[in-house]
Amino acid sequence: MSHALAADLKIDSAMTLNQVKVGCDVQIRVLSGPGCDRLRDLGFCEELQLRKLTSGRNMICSICGTRMAISKELAEQVLVSPVR
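The structure presented is a predicted model; accordingly, all values stated were derived computationally and were not measured.

Parameters at a glance
- Residues numbered from 1 in each chain as written.
- Predicted model: local features only at pLDDT ≥ 70, side-chain atom pairs only at ≥ 80, totals over all residues.
- Heavy atoms only, no water.
- Buried < 20%, exposed > 50% of the residue type's maximum accessible area, 1.4 Å probe, protein only.
- Helix = DSSP H or I, 4+ residues; strand = E, 2+ residues; numbered from the N terminus.
- Pairing = 2+ DSSP bridges.

Draft legend 1. Just the pairing of strand β6 (residues 78-82), in detail. Most of β6 is tucked away: four of the five residues are buried. Both strand β1 (residues 15-16) and β6 contribute to a ladder of two bridges, which runs antiparallel. Within β6, the position partnered with Met15 by the bridge is Val80. When strand β2 (residues 25-31) meets β6, the two strands line up antiparallel, connected through five bridges. Residue pairing in the sheet places Ile28 in a bridge with Val80 of β6.

Structure (structure tokens):
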């Protein structure tokens with residue numbers, strides 16, 4: 001299997017942060033969208049683990065010992081996978 005194909009499989013198996021249930025631990029796989037550079041500046045980066053604490057119009061996540069609120073629209077641009 002080629003490296004590019006393996007990367008595509010990881011992305012295909014990922015879900016958006018909006019789809020994650022409250023209380024679940026996930027790992028950020030891909031940030032893709034217009035607001036993602038700002039997320040990276042705040043420390044919301046690929047390969048980090050987070051826990052989704054609340055859901056709704058804005059959601060709160062625990063990441064690196066800090067709670068961060070992000071909009072539902074921005075959470076749609078964050079692809080995550082379950083922590084194994």
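Draft legend 2. Fine view of the sheet that holds β6. Pairing within the open sheet is antiparallel, and its six strands lie in the order β1-β6-β2-β3-β4-β5. Whereas interior strands pair on both sides, the edge strands pair on one side only; in this sheet they are β1 and β5 (66-71).

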